[in-house]
Amino acid sequence: MMKTNSITKVMTKNVVSVSPDQSVLDVKHIYENKKFHHHIPVIENGKLVGMISLIDFMYNIAGAGMSDDNKVYKELSVRDIMSQKPFYLTTNSTIEEGAKVLTEGYYHAIPILDNDKLVGIVSTADIIKFFLDEAF
């Protein structure tokens, strides 16, 4: 049953992303939005080049506090804190494939690409919601 379900069925389509040259202050402002997924794809020249997790962000700004004026927010760039060569799936992938990757525990969100272009992101919560909707 599930093998025919495209990952595109559960992905978030309007993905918030940043470029490697943006300041960490921009990342802070994204994370301050309460509805945010906690993983930010990094796009350069239309290609996925990195990911920032909330953990990456918190580790790199340790002790900086909430004030936008702290120098760490202006001195560090996205390139300084992102994970390079991120794992991704394509629009040809299934929900089952996404679920298997997420249950391994290395990732909590997976960028979805179509012809090397970012078209979505799938989180553990998206997969859980799908299975709950299927079960009930």
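Trainee: I tried to follow the pattern of salt bridges on my own but got confused; where do I start?
Mentor: Opposite charge on two side chains permits them to pair, given that their charged atoms come into close proximity. Enumeration according to the criterion identifies six salt bridges in this entry. Here Arg79 and Asp21 are joined by a salt bridge, their closest N and O atoms 3.0 Å apart. Here Arg79, found in helix H4 (residues 78-81), pairs with Asp21, found in the segment before helix H1 (24-31); they are 58 residues apart in sequence, far enough to count as distant. Residue Arg79 is classed as partly exposed on the basis of its relative accessible area, which comes to 35%. When the shortest N-O distance is used, the salt bridge between Asp133 and Lys129 registers 3.0 Å. Separated by four residues within a single helix, Asp133 and Lys129 lie in helix H6 (residues 124-135), roughly one turn from each other. A cluster of three or more residues bridged by salt bridges with shared partners is formed by Asp21, Glu44 and Arg79.

Trainee: Looking at this structure, I do not really get the layout of surface pockets. What am I missing?
Mentor: Gaps left between atoms are located by rolling a probe of water-molecule size over the structure's atoms. Looking at the largest pocket, its volume works out to about 330 Å³. The wall of the largest pocket is formed by 18 residues, among which His39, Ser53, Tyr106, Tyr107 and His108 lie closest to the centre. Elements represented by at least two residues in the lining of the largest pocket include exactly strand S2 (47-53), helix H2 (54-60), strand S3 (83-84) and strand S5 (109-114). Along the lines of polarity and charge, the residues of the lining of the largest pocket split into 10 nonpolar, six polar and two charged.

Trainee: Mind showing me how you'd approach the sheet that holds S5 here?
Mentor: Adjacent strands of a sheet form backbone hydrogen bonds with each other and so pair up, either parallel or antiparallel. With mixed pairing, the three strands of this open sheet are ordered in space as S4-S5-S6. The open sheet is flanked by strand S4 (89-90) and strand S6 (117-123), the only strands paired with a single partner. Bridge count between S5 and S6: six bridges; the pairing is antiparallel. In the strand pairing of S6, Pro111 is matched with Ile121. Seen against the sheet, helix H5 (residues 95-103) touches S4, S5 and S6 and runs at an angle of roughly 145° to S5.

Trainee: Hey, could you run me through the nonpolar core in this one?
Mentor: The tendency in soluble globular proteins is for nonpolar side chains to be buried as a group. Judged by nonpolar contacts, the single largest core of 18 residues is most densely connected at Ile40, Ile52, Phe57 and Tyr73. Counting only elements with at least two residues in this core, the list comes to H1, strand S1 (39-44), helix H3 (71-75) and H4. Tallying contributions element by element places H1 first for this core, with five residues. Apart from the residues lying within four places of it in its own chain, the contact partners of Tyr73 are Ser23, Val24, Leu25, Lys28, Phe57, Ile61, Ala64, Gly65, Ser67 and Asp68. With 13 residues, the next largest nonpolar core counts Ile7, Val10, Val101 and Ile112 among its residues.

Trainee: Which parts of the structure should I look at to understand the sheet that holds S2?
Mentor: Strand order in the open sheet formed by three strands is S1-S2-S3, and the pairing between neighbours is antiparallel. The outermost strands of the open sheet, each flanked by one partner alone, are S1 and S3. In this structure, S1 lies alongside S2, joined through six bridges in antiparallel fashion. Within S2, the residue paired with Ile40 across the bridge is Ile52.

Rules behind the numbers
- Position numbers for residues start from 1 in each chain and track the written sequence from start to end.
- Reporting of local features is limited, given that this is a predicted model, to residues whose pLDDT is at least 70; pairs of side-chain atoms are given and counted only at 80 or more, and all residues count toward the totals for whole chains, interfaces and linings.
- To obtain the side-chain values, all non-hydrogen atoms of the structure were included, while hydrogens and water were left out.
- Think of a salt bridge as a Lys or Arg side-chain nitrogen and an Asp or Glu carboxyl oxygen that are within 4 Å of each other.
- A run of H or I in DSSP counts as a helix once it spans at least four residues, and a run of E counts as a strand once it spans at least two, with each numbered from the N terminus.
- Categorising residues by exposure relies on relative accessible area from a 1.4 Å probe, with only protein chains included: less than 20% of the type maximum marks a residue as buried, more than 50% marks it as exposed, and the intermediate range marks it as partly exposed.
- Buried and open spaces are told apart on a 1 Å grid over the protein atoms alone, a cavity being a set of points where a 1.4 Å probe fits but cannot get out and a pocket being an open set with protein on both sides within 12 Å along at least five of seven lines. Residues with an atom within 4 Å of a point are the lining residues.
- Grid points are joined across faces, edges and corners, and a volume is the space filled by probe spheres set on the points.
- Gly is put with the polar residues, along with every residue not named as nonpolar or charged; the nonpolar set is Ala, Val, Leu, Ile, Met, Phe, Trp, Tyr, Cys and Pro, and the charged set is Asp, Glu, Lys and Arg.
- At least two DSSP bridges between two strands are required for those strands to pair.
- Here a residue-residue contact requires only that any non-hydrogen atoms of the pair lie within 4.5 Å.
- Simply put, an axis is a line fit to the C-alpha atoms, just over the touching stretch for a helix, and the angle between two N-to-C directions goes from 0 to 180 degrees.
- Here, nonpolar core refers to any group of buried Ala, Val, Leu, Ile, Met, Phe, Trp, Tyr and Cys residues whose side-chain atoms link them within 4.5 Å.

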